[in-house]
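Residue-level structure breakdown
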Amino acid sequence: KMLPKYLDFYFNFLRCFGICLETPNMTERSKFLIYFWAISLLFFIPIMGVWAILSMKISHLNETLIFVQIILVYSATFSIVLETFLAKNHQFRFWKLIEKLEYSMSETQNLIPEYRSFSCSTKRRILICFAYSVAIECFVVAMHKVYESRFDSIRWSIGWLVYYYFIAIGRMQNHNHILVIQILKMHAKFFNEDLRRTGRVLMNSTNQNVAKELNLIKFRHAYLWEAVETANKCNRWSQFFNIIQNFFLFTSAFYWAYIFVRIPNFFNVFSKLKKINFTQLSIRIFSK
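Going by an unreviewed UniProt entry, the protein chain carries the name Gustatory receptor and comes from Lutzomyia longipalpis. What UniProt records for the protein chain under Subcellular location (unreviewed entry) is the sentence "Cell membrane".

Structure (structure tokens):
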């Protein structure tokens, strides 16, 4: 149970976003709080999604993009919260397998310095990425505020704050997935180092020691392989929706940047087209 202890800050940070992460060292109070918050979000997300969709009036291209964006963001957020909540047993099994790996390597390797270094780099990465994400959203809001008179259908309210919170949930889930991959890579490195050490030891060992070392290698490999499979079971549909959402948000960001920089009066074209009486225009053309 050493590694979860070094990542408490990271896990608590992700739990603030409704990502129900269960670890062996959790207290009953912590379990109750994360279950309560996850279940609350599962009720809150569909309500906010329906409210956001019904409150929109699609008449311009920018509103269509926002409409699709809202559907993707709310769907991805709901799938993330639901899957992490339902995958509690898989998460617990994953950490039990990591604990078995730690125990099997405790006699040959000192994992504490590696864990401390890993914990520091993880904290630094999550804080930098979160600050970067907040800066991007603040920039987007500021740009919309500048052009608010042109986009008269967009009204900034508490709904948009909730919307950006849901986007943050998806990004935090990405970090959670990356964290699991980093943990598995770290233990794969430990396994390879121990395998090289075992190879040198076996050259001067008796048959009994050889059998013992080979059994340890077999068990470590089985634990590592099973940990990979269990981690994949924790991130199936949510990660799929998250990738689609991120791709759409990424391409939309380029679209908005192009509109703001190159064609500032783009959406005014639609309002002018509405004022044209195409019936009278066609009569005039054919009468000539």
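**Focus on the side chain of Glu 83**
By the secondary structure assignment, Glu 83 is in helix 4 (residues 61-86). Dropping the residues within four chain positions of it, Glu 83 is found in contact with Cys 234, Asn 235, Arg 236, Trp 237, Ser 238 and Gln 239.

**What about the packing of aromatic side chains?**
The full count for this structure, using the stated rule, is eleven aromatic pairs. Arranged with centres 6.0 Å apart and planes meeting at 90°, the rings of Tyr 35 and Phe 85 form a pair that is edge-to-face. One end of the pair, Tyr 35, is in helix 3 (residues 28-54); the other, Phe 85, is in helix 4, with 50 residues separating them in the sequence. Seen from the ring of Tyr 35, Lys 88 lies directly overhead, with NZ or CZ sitting 5.4 Å from the centre.

**Comments concerning the UniProt feature "transmembrane region" (unreviewed entry) in the protein chain**
The UniProt record marks residues 32-54, 66-86, 126-147, 153-170 and 240-261 with the feature "transmembrane region" (unreviewed entry), using the residue numbering of this structure. Across residues 32-54, helical content stands at 100% and strand content at 0%; the span's end C-alpha atoms are separated by 33 Å. In the segment residues 66-86, helix accounts for 100% and strand for 0%; the C-alpha atoms at its two ends are 30 Å apart.

**A look at the pattern of salt bridges**
Tallying each qualifying case throughout the model produces four salt bridges. For the salt bridge of Lys 96 with Glu 99, the shortest nitrogen-to-oxygen distance reads 3.7 Å. Here Lys 96 and its partner Glu 99 are both found in helix 5 (residues 88-105), three residues apart, which amounts to about one turn of the helix. Since its relative accessible area comes to 31%, Lys 96 is described here as partly exposed. The salt bridge partner of Glu 114 is Lys 189, with a shortest N-O separation of 3.5 Å. You can see Glu 114 sitting in helix 6 (residues 112-146) and its partner Lys 189 sitting in helix 7 (residues 158-202), a full 75 residues away along the chain.

**Overview of helix 5**
Taking 1.5 Å of rise per residue, the 18 residues of helix 5 would be expected to cover 26 Å, and the 26 Å separating its terminal C-alpha atoms lies within 8% of that figure. Restricting attention to buried positions, one finds in helix 5 the residues Lys 88, Gln 91, Phe 94, Trp 95, Leu 97, Ile 98, Leu 101, Glu 102, Ser 104 and Met 105.

**A few points about empty space enclosed by the protein**
Within the structure shown, the criterion is met by one cavity of 30 Å³ or more. There is about 160 Å³ of room inside the largest cavity. Lining the largest cavity are 14 residues, and of these Leu 21, Gln 91, Trp 95, Asn 176 and Val 180 sit closest to its centre. Looking at the lining of the largest cavity, the elements that each hand over two or more residues are helix 5, helix 7 and helix 8 (207-234). A per-class count over the lining of the largest cavity returns seven nonpolar, six polar and one charged.

The rules we used
- What you see as residue numbers is a count from 1 along each chain, following the sequence as written.
- Reporting of local features is limited, given that this is a predicted model, to residues whose pLDDT is at least 70; pairs of side-chain atoms are given and counted only at 80 or more, and all residues count toward the totals for whole chains, interfaces and linings.
- Side-chain calculation: all heavy atoms of the structure are included, whereas hydrogens and water are not.
- UniProt positions are given in the numbering used here, feature names are shortened, and annotations may be inferred rather than shown by experiment.
- A run of DSSP states H or I qualifies as a helix once it reaches four residues; a run of E qualifies as a strand once it reaches two. Both are numbered from the N-terminal end.
- Contacts are assigned to residue pairs with any non-hydrogen atoms lying within 4.5 Å of each other.
- Only rings of Phe, Tyr and Trp enter the pairing, Trp through its six-membered ring, and a pair is recorded when the two centres are within 6.5 Å. The plane angle decides the type: under 30 degrees is stacked, over 60 is edge-to-face, the rest tilted.
- Charge-over-ring placement is defined geometrically: NZ (Lys) or CZ (Arg) within 6 Å of the ring centre, and within 35 degrees of the ring normal.
- Throughout this description, the term salt bridge denotes a Lys or Arg side-chain nitrogen within 4 Å of a carboxyl oxygen of Asp or Glu.
- Each residue's exposure class comes from its accessible area (1.4 Å probe, protein chains only) as a fraction of the maximum for that residue type: buried when under 20%, exposed when over 50%, partly exposed otherwise.
- Helix span is expected to be 1.5 Å times the residue number reduced by one.
- Lining residues are those with an atom within 4 Å of a point, where the points come from a 1 Å grid over the protein atoms alone and group into cavities, where a 1.4 Å probe fits but cannot get out, or pockets, open sets with protein on both sides within 12 Å along at least five of seven lines.
- Grid points are joined across faces, edges and corners, and a volume is the space filled by probe spheres set on the points.
- Classes in brief: Ala, Val, Leu, Ile, Met, Phe, Trp, Tyr, Cys and Pro nonpolar; Asp, Glu, Lys and Arg charged; the others, Gly included, polar.

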